[in-house]
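Chain by chain, the residues run as shown.
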Amino acid sequence: MTTSIGDRIRSLREFRDLTQEGLASRAGVSVDTIRKLEQGVRQSARMHTLRSLARALDVQLERLVGQPTVTQQLQDDGGLIALRDAIQDIDALPGVPVGDDLEDPPAEQAWVDSVKAATAQYWRGEYSQLSATLPLLLRDGRAVARQTPTERVWQQLALAYQIAACLATQAGHPDWAYSAVEKQLAAAARASDPLMEGMGVSTLSWVLLRQGRWEQAQDIAVRKAEALEPSFMKGTPAQFAVYGNLLVAAATPAARRDDHDRAIELLSGAEAAAVRSGPVRAYGTAFSVTDVRTQKVNIALAGSENRPEQALEFAGEVRLGEISRPVHSAAYRVDVAQAQYQTGDSEGALATLLEVEEDQPEWIKLQVLASATVREMLEAERRRNTPLRSLAARLGVDPSL
């Protein structure tokens with residue numbers, strides 16, 4: 001039986017021995033909102049409210065809203081559990097005897113090519129296929145590093161763990177992702193690559209953000225950006241790109257903490273870096289002025305000072321065709337759909353979400369914001385909207401709301 005957000009709030013609240021009034025006080029939301037959610041009068045709430053309730057109940061947002069944590073296709077020799085086992089490699093722990101069944105490593109260049117292919121799969125949103133191949137990729141990478149421990153191999157192994165951290169986070173397992181980032185940072189240190197370390201901290205900031213650790217997510221990204229800030233005249237495109245990525249990473253948690261002025265300041269710095277670097281593809285990511293501008297839309301919707309009109313103004317500065325990564329394009333358009341709905345354009349929001357689903361049918365099922373927007377739209381609809389209810393069913397949202 002499917003449980004609603006209200007059911008989960010009530011269960012967690014009672015488990016914590018909190019009254020509705022006590023939870024309202026801890027979360028900074030109205031007791032009436034909690035009461036309506038638990039009674040089923042309301043089936044959802046704004047994302048800031050849901051995040052505040054999750055923090056007050058000491059759980060991750062994904063558990064509160066019931067985000068799916070599985071990929072669509074079952075694999076015989078891979079999958080998310082295999083990915084967990086590959087990230088949390090028992091043989092790599094100090095004091096654990098290494099088995100005698102170590103596999104022979106593949107050729108170094110073939111493995112490096114596989115890392116490149118896996119990165120492309122991630123940014124295309126092909127999560128089921130990636131979850132099938134990534135566990136073996138990590139195991140092979142460790143074998144290559146044992147046999148050929150060059151800085152190039154360690155740098156590529158760091159990138160492989162970055163992909164693993166990102167996939168685990170998208171699939172609703174930020175704790176696995178944290179372990180993957182630890183491995184990423186250790187490999188980056190072995191590679192003597194400070195920029196790869198910078199991307200590791202950027203990834204860690206995102207993982208902490210998904211864990212609800214906003215202050216830490218902002219702080220580590222800012223500190224690493226300050227440590228890597230390139231010379232305005234002598235910085236390379238890759239240096240500006242990593243530096244800018246760290247500023248972008250810091251901006252979102254700043255906005256979640258209702259410090260929008262600081263968030264805009266950070267993004268302005270990132271945009272200046274993007275102007276200096278030009279479009280860059282490096283360290284498993286992409287960086288450009290357009291990439292930074294999409295984040296302005298996101299932060300306008302973050303925190304209690306929700307600003308959908310401003311989000312749409314920022315969206316007017318974004319050229320959709322210049323977003324090079326399909327998953328990034330989809331995430332940006334989900335933000336736009338939320339802003340459209342909140343400004344009264346329900347039809348436009350639905351059309352945008354349906355376009356995203358057509359482009360990224362697997363990715364969108366894992367997105368909390370997309371499901372939350374659909375729930376809000378269902379509650380507010382005045383006439384039966386068949387396309388909306390069909391979309392809700394495909395996203396795992398009860399269309400009978």
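Remember, it's a predicted structure, so these values are computed and weren't measured experimentally. What you see as residue numbers is a count from 1 along each chain, following the sequence as written. Selection of residues for local features in this predicted model requires a pLDDT of at least 70, selection of side-chain atom pairs for listing and counting requires 80 or more, and totals for whole chains, interfaces and linings are taken over all residues. As a rule here, side-chain values cover all heavy atoms of the structure and leave hydrogens and water aside.

A. Spatial organisation of unusual backbone geometry. Its identity is not glycine, yet D17 carries a phi of approximately 60 degrees, on the positive side. You can see D17 is positioned in the loop between α1 (5–15) and α2 (20–27). When its relative accessible area of 71% is taken as the criterion, D17 is described as exposed. Phi is positive for Y283, close to 55 degrees, though the residue is something other than glycine. Numbering of helices and strands runs from the N terminus; a helix is a DSSP stretch of H or I covering at least four residues, while a strand is a stretch of E covering at least two. Summarising the element assignment, Y283 is placed in the loop between β1 (280–282) and β2 (285–287). Three exposure classes are used, based on accessible area relative to the maximum for each residue type with a 1.4 Å probe and protein chains only: buried under 20%, partly exposed in between, and exposed over 50%. Judged by relative accessible area, which is 18%, Y283 ranks as buried.

B. Geometry of helix α7 (residues 108–124). Relative to the 24 Å expected for 17 residues at 1.5 Å per residue, α7 spans 25 Å between its end C-alpha atoms, a close match to the ideal helical length. Following α7 by one or two positions, G125 adopts a phi angle in the positive range, close to 80 degrees. To estimate the expected span of a helix, count its residues, drop one, and scale the result by 1.5 Å.

C. Representation of the pattern of salt bridges within the structure. We count a salt bridge whenever a side-chain nitrogen from Lys or Arg sits within 4 Å of a carboxyl oxygen from Asp or Glu. Counted under the stated rule, the structure contains 17 salt bridges. The residue E21 makes a salt bridge to R35 at a minimum N-O spacing of 3.9 Å. In this pair, E21 sits in helix α2 while R35 sits in helix α3 (residues 31–39), placing the two residues 14 residues apart along the sequence. The exposure class of E21 is partly exposed, given its relative accessible area of 48%. Through salt bridges with shared partners, a single network forms among E271, R293 and K296.

D. Looking closely at empty space enclosed by the protein. Think of a 1 Å grid over the protein atoms and nothing else: a 1.4 Å probe that fits but is trapped marks a cavity, an open set flanked by protein within 12 Å on at least five of seven lines marks a pocket, and residues with an atom within 4 Å of a point count as lining. Grid points are joined across faces, edges and corners, and a volume is the space filled by probe spheres set on the points. Under the criterion given, the structure shown has 1 cavity of 30 Å³ or more. Along the walls of the largest cavity sit M199, A241, V242, N245, V280, R281, A282, Y283, T285 and F287, which together make up its complete lining. Only Asp, Glu, Lys and Arg are considered charged, only Ala, Val, Leu, Ile, Met, Phe, Trp, Tyr, Cys and Pro nonpolar, and every remaining residue, Gly among them, polar. Class assignment of the residues belonging to the lining of the largest cavity gives a composition of 7 nonpolar, 2 polar and 1 charged.

E. Structural context of the environment of L366. Here L366 is to be found in the loop between α18 (346–359) and α19 (368–380). Along the sequence, L366 and G172 sit 194 residues apart, while their C-alpha atoms lie 7.8 Å from each other.

F. Examining the packing of α7 against helix α9 (residues 151–170) more closely. Angular values range over 0 to 180 degrees, each being the angle between N-to-C directions of two axes fitted as lines to C-alpha atoms, with helices fitted over their stretch in contact. Running from N to C, α7 and α9 cross one another at 30 degrees; their axes reach a closest spacing of 10 Å. It follows from the interaxial angle that α7 and α9 lie roughly parallel. In this structure, α7 crosses over α9, and the sense of that crossing is left-handed. Counting all contacts with α7, which are made through E108, Q109, W111, V112, V115, A118, T119 and Y122, the residues of α9 involved are R152, V153, Q156, L157, L159, A160, I163, C166, L167 and Q170. Oblique is the label for any angle not covered by the other classes, which are roughly parallel (under 35 degrees), roughly antiparallel (over 145) and roughly perpendicular (65 to 115). Each helix crossing is assigned a hand: it is left-handed if the near helix lies turned anticlockwise from the far helix by less than a right angle, otherwise right-handed if that turn is clockwise. Contact definition: two residues touch when any of their heavy atoms are within 4.5 Å.

G. Molecular detail of the packing of aromatic side chains. Only the six-membered ring of Trp is used, alongside the rings of Phe and Tyr, when aromatic pairs are assigned; centres must lie within 6.5 Å, and planes under 30 degrees apart are stacked while those over 60 apart are edge-to-face, with the rest tilted. Counted according to the given criterion, the structure contains 2 aromatic pairs. On the numbers, 5.0 Å between centres and 80 degrees between planes, the contact of Y122 with W123 is edge-to-face. An identical accessibility class is assigned to Y122 and W123; each is buried. Ring geometry for Y122 and Y127: centres 5.6 Å apart, planes at 25 degrees, overall stacked. For Y122, a relative accessible area of 4% translates into the label buried. Classification of Y127 by relative accessible area gives buried; the value is 0%. Members of the aromatic cluster, joined through ring pairs, are Y122, W123 and Y127. Taking NZ or CZ as reference, R55 lies 4.3 Å from the ring centre of W214, over its face. Two conditions define a charge located above a ring, namely a distance within 6 Å from the ring centre to NZ of Lys or CZ of Arg, and an angle within 35 degrees of the ring normal.

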